[in-house]
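These are the residues of each chain, in order.
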Amino acid sequence: MSEQPPIPAPKPVGAPEPEPIRFFGTSWVDRDNGYWLRRVGVSAGALVATAAAVLVLRFGVEGVALSDSGGFLNGLLTAAIAVCSMMAVRRTWKALTEGKDQLTGWMAEDKSLGAVWLIGGVGSLAAYFARSLVEAPGEAVERAAHRKAVEQYEKRRAGRGGRPGGKRKR
């Protein structure tokens, strides 16, 4: 007779549900259902995407270099790519570790700095890759939010005086 996995207890009505994370769904909660395999896949995919983005930028820089526009312009282009990438790394790392709602100042600008985020996409992909080595990108933010929601739910349930869902007698 083969053993069957234990059936989890049903969640009470109104209990907070975890928010799904891209590529992971809700497997990040208990780190089950292929979580580790997905982490490896996301890391590998981010690394491949980073390499592809670097290749595209390299072609662009070589195209400018072939145009014989001068060393100053080549240096300026390289510096612009480096600065944009560093800004994108900082913004992406903060968004993945603290949440997008914590972005303030220049990091919160999506539309006006769109070109910076596009040019710095290599840095953003590199930050995503590095974060995926530690955890599912965005997991820390979602885990903190889920814990807070569960704690609030437990406090509400404990405050009912032992009669969950019932009315008080008058």
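Up top is the structure.
The notes below deal with the structure included here. (Residues numbered from 1 in each chain as written. Predicted model: local features only at pLDDT ≥ 70, side-chain atom pairs only at ≥ 80, totals over all residues. Heavy atoms only, no water.)

## Things to note about the nonpolar core
Counting residues in each nonpolar core, the largest one holds six residues, listed as Ile21, Phe24, Trp28, Tyr35, Val42 and Ala136. Ignoring sequence-local partners within four residues, the contact set of Val42 consists of Phe23, Phe24, Tyr128, Ser132 and Pro137. In this structure, Cys84, Leu113, Val116 and Trp117 belong to the second largest nonpolar core, which totals five residues. (Core = buried A, V, L, I, M, F, W, Y, C linked by side-chain atoms within 4.5 Å. Buried < 20%, exposed > 50% of the residue type's maximum accessible area, 1.4 Å probe, protein only. Contact = heavy atoms within 4.5 Å.)

## What to know about the layout of surface pockets
If you add up the space inside the largest pocket, you get close to 580 Å³. Looking at the largest pocket, it is lined by 23 residues, and the ones nearest its centre are Arg22, Thr92, Ala95, Leu96 and Tyr128. When residues of the lining of the largest pocket are traced back to their parent elements, those giving at least two are α1 (35–66), α2 (71–98), α4 (121–134) and α5 (139–158). Top element by residues in the lining of the largest pocket is α2. It accounts for five residues. (1 Å grid on protein atoms, 1.4 Å probe; cavity = no way out; pocket = protein on both sides within 12 Å on 5 of 7 lines; lining within 4 Å. Points joined across faces, edges and corners; volume = space filled by probe spheres on them. Helix = DSSP H or I, 4+ residues; strand = E, 2+ residues; numbered from the N terminus.)

## Focus: the packing of aromatic side chains
Scanning all chains against the criterion turns up three aromatic pairs. Between Tyr35 and Trp36 the ring centres are 5.0 Å apart and the planes differ by 85°, which places this aromatic pair in the edge-to-face class. Its relative accessible area of 1% is what places Tyr35 among the buried residues. Overall, Trp36 belongs to the partly exposed group, its relative accessible area being 48%. Here the aromatic cluster, defined as three or more aromatic residues joined through ring pairs, consists of Phe24, Tyr35 and Trp36. In this structure, Arg91 is placed above the aromatic ring of Trp117, and the distance from its NZ or CZ to the ring centre is 4.8 Å. The aromatic ring of Trp93 is capped on one face by Arg131, whose charged end is 5.1 Å from the ring centroid. (Phe/Tyr/Trp six-rings, centres within 6.5 Å; stacked < 30°, edge-to-face > 60°. Lys NZ or Arg CZ within 6 Å of the ring centre and 35° of its normal.)

## Re the pattern of salt bridges
The tally for this structure, following the rule as stated, stands at six salt bridges. Between Glu139 and Arg31 there is a salt bridge, and its shortest N-O distance comes to 2.8 Å. Taken as a pair, Glu139 in helix α5 and Arg31 in the segment before α1 lie far apart in primary sequence, 108 residues in all. Since its relative accessible area comes to 1%, Glu139 is described here as buried. What makes Arg31 partly exposed here is its relative accessible area of 33%. In this structure, the salt-bridge partner of Arg58 is Glu62, at a minimum N-O distance of 3.0 Å. Of this pair, Arg58 and Glu62 are both found in helix α1, four residues apart, which corresponds to roughly one turn of the helix. Here the residues in one salt-bridge network are Arg31, Glu139 and Arg143, joined through shared partners. (Salt bridge = Lys/Arg side-chain N within 4 Å of Asp/Glu carboxyl O.)

## Things to note about α4
The terminal C-alpha atoms of α4, which comprises 14 residues, lie 20 Å apart, in line with the 20 Å expected from a rise of 1.5 Å per residue. Residues of α4 that are buried: Gly121, Val122, Gly123, Ala127, Arg131 and Ser132. (Expected span 1.5 Å × (residues − 1).)

## Considering the side chain of Thr92
Within the element layout of this structure, Thr92 appears in helix α2. Leave out the neighbours within four places in its chain, and Thr92 touches Ser124, Ala127 and Tyr128.

## Some remarks on the packing of α1 against α2
Interaxial distance between α1 and α2 falls to 9 Å at its minimum, and their mutual angle equals 160°. The angle between α1 and α2 falls in the class roughly antiparallel. The interaxial crossing formed by α1 with α2 has right-handed handedness. Of the residues in α2, those touching α1 at Leu57, Val61, Val64 and Ala65 are Leu73, Asn74, Leu77 and Ile81. Within the contact of α1 with α2, the residues separate by chemical class into seven nonpolar, one polar and no charged. (Axes fitted to C-alpha atoms, helices over the stretch in contact; angles between N-to-C directions. Parallel < 35°, antiparallel > 145°, perpendicular 65-115°, else oblique. Left-handed = near helix turned anticlockwise from the far one by under 90°. Nonpolar A, V, L, I, M, F, W, Y, C, P; charged D, E, K, R; others polar.)

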